[in-house]
Amino acid sequence: IASAVYQPWNIPYLPLTDFGIFLVERGTSHSLWSQFVGISGYYIGEGRLLLFEYVHMTLAAAAFGLWAPGWHWTYFVLMSAVLVLARSFLLMSGANRTATFIALTIFATMGPVAEGWIKPTGEPVALIFFLLALRLALNYCDATDWKRRAFLIGACAVGIVFSKEL
């Protein structure tokens, strides 16, 4: 349903309204690390700390350059991962399949979520970490691997922090 609504293969422009300068800040190095350092150094200097978004921009620029549909497919994949994890969590927590489908269909096309399908935001990555943490928290009290889960929930919390602008 989301692919029919957003059509990532049909969008002709780059989705970089907030981050347009990063193409210049990548530099000319072939090293992904150097490009990441250039991008993150510039934006951190501007007071913006979104490490996972900078990783995404570096990898997408290396893979797709200025080819807009490729960029849009990366957002589509991130949001699809959110839906898959949300479905998994809802079903694991006892929701029935029909209610889960209806809830996720509404969620995928409403308000702020819609932006995640078409432009770079930290929300999809933060939601992935959040949903992973929720899955780990299910039946936490009865889990034999509670220490591992506690560590992973903490790691997800750190991931959430570095996915959103500080």
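As the structure is a computational prediction, the values presented were derived from the model and not from experiment.

Conventions adopted
Residues numbered from 1 in each chain as written. Predicted model: local features only at pLDDT ≥ 70, side-chain atom pairs only at ≥ 80, totals over all residues. Heavy atoms only, no water. Axes fitted to C-alpha atoms, helices over the stretch in contact; angles between N-to-C directions. Helix = DSSP H or I, 4+ residues; strand = E, 2+ residues; numbered from the N terminus. Parallel < 35°, antiparallel > 145°, perpendicular 65-115°, else oblique. Left-handed = near helix turned anticlockwise from the far one by under 90°. Contact = heavy atoms within 4.5 Å. Nonpolar A, V, L, I, M, F, W, Y, C, P; charged D, E, K, R; others polar. Expected span 1.5 Å × (residues − 1). Core = buried A, V, L, I, M, F, W, Y, C linked by side-chain atoms within 4.5 Å. Buried < 20%, exposed > 50% of the residue type's maximum accessible area, 1.4 Å probe, protein only. Salt bridge = Lys/Arg side-chain N within 4 Å of Asp/Glu carboxyl O. Phe/Tyr/Trp six-rings, centres within 6.5 Å; stacked < 30°, edge-to-face > 60°.

Explanation requested: the packing of helix 4 (residues 51-64) against helix 5 (residues 68-92) in the structure shown.
Each pair of packed helices can be summarised by the angle the axes make with each other and by the distance between the axes. One can describe the packing of helix 4 onto helix 5 by two numbers: an axis separation of 9 Å at closest approach and a directional angle of 135°. When the interaxial angle is binned, helix 4 and helix 5 end up oblique. You can see that helix 4 and helix 5 cross each other, and the crossing is right-handed. Across the interface between the two elements, Glu53, His56, Met57, Ala60, Ala61 and Phe64 of helix 4 pack against Gly70, Trp71, Thr74, Tyr75 and Leu78 of helix 5. Looking at side-chain class alone, the contact of helix 4 with helix 5 contains seven nonpolar, three polar and one charged residues.

Looking at this structure, how should I read helix 5?
An α-helical turn contains 3.6 residues, so a residue and the one three or four places further along point in the same direction. A rise of 1.5 Å per residue sets the reference length of helix 5, with its 25 residues, at 36 Å; its end C-alpha atoms lie 36 Å apart and thus fit the reference within 8%. Two residues or fewer past helix 5, glycine 94 is found with a positive phi of approximately 110°.

Just to check I follow, could you spell out the nonpolar core for this structure?
Counting 18 residues, the largest nonpolar core has Leu83, Trp117, Ile128, Leu131 and Cys156 as its most contacted members. Of all the secondary-structure elements, those providing two or more residues to this core are helix 5, helix 6 (97-109), helix 7 (111-118) and helix 8 (123-137). When residues no more than four places from it in sequence are discounted, the contact partners of leucine 83 are Leu104, Phe107, Ala108 and Trp117. Ranked by size, the runner-up nonpolar core spans ten residues in total, among them Tyr43, Met57, Ala60 and Ala61.

What should I look at first to understand the pattern of salt bridges in this one?
When charged atoms on two side chains of opposite charge get close, those side chains can pair. Within this structure, the stated rule accounts for two salt bridges. Where aspartate 145 meets arginine 148, a salt bridge forms, and the shortest distance between an N and an O atom there is 2.6 Å. Of the residues examined, aspartate 145 reaches a relative accessible area of 24% and is grouped as partly exposed. Judged by relative accessible area, arginine 148 falls into the partly exposed class, the value being 46%. Its salt-bridge partner being arginine 149, residue aspartate 145 comes within 3.2 Å of it at the nearest N-O pair. Through salt bridges with shared partners, one network takes in Asp145, Arg148 and Arg149.

Sorry, what's going on with the environment of valine 82 here?
On the secondary structure map, valine 82 appears in helix 5. Separated by 46 residues in sequence, valine 82 and isoleucine 128 place their C-alpha atoms 5.5 Å apart. When near neighbours in sequence (up to four residues on either side) are disregarded, valine 82 contacts Phe107, Pro124, Leu127, Ile128 and Leu131.

Is there a simple way to think about the packing of aromatic side chains in this case?
Each aromatic ring pair is characterised by the separation of its centres together with the angle its planes make. The full count for this structure, using the stated rule, is six aromatic pairs. Judged by centre distance (5.6 Å) and plane angle (15°), the rings of tyrosine 43 and tyrosine 54 are stacked. Residue tyrosine 43 is found in helix 3 (residues 32-45), and its partner tyrosine 54 is found in helix 4; the two are separated by eleven residues along the sequence. Under the relative-accessibility criterion, tyrosine 54 is labelled buried at 0%. Each member of the aromatic cluster is reached from another via a ring pair, and the members are Tyr42, Tyr43 and Tyr54.

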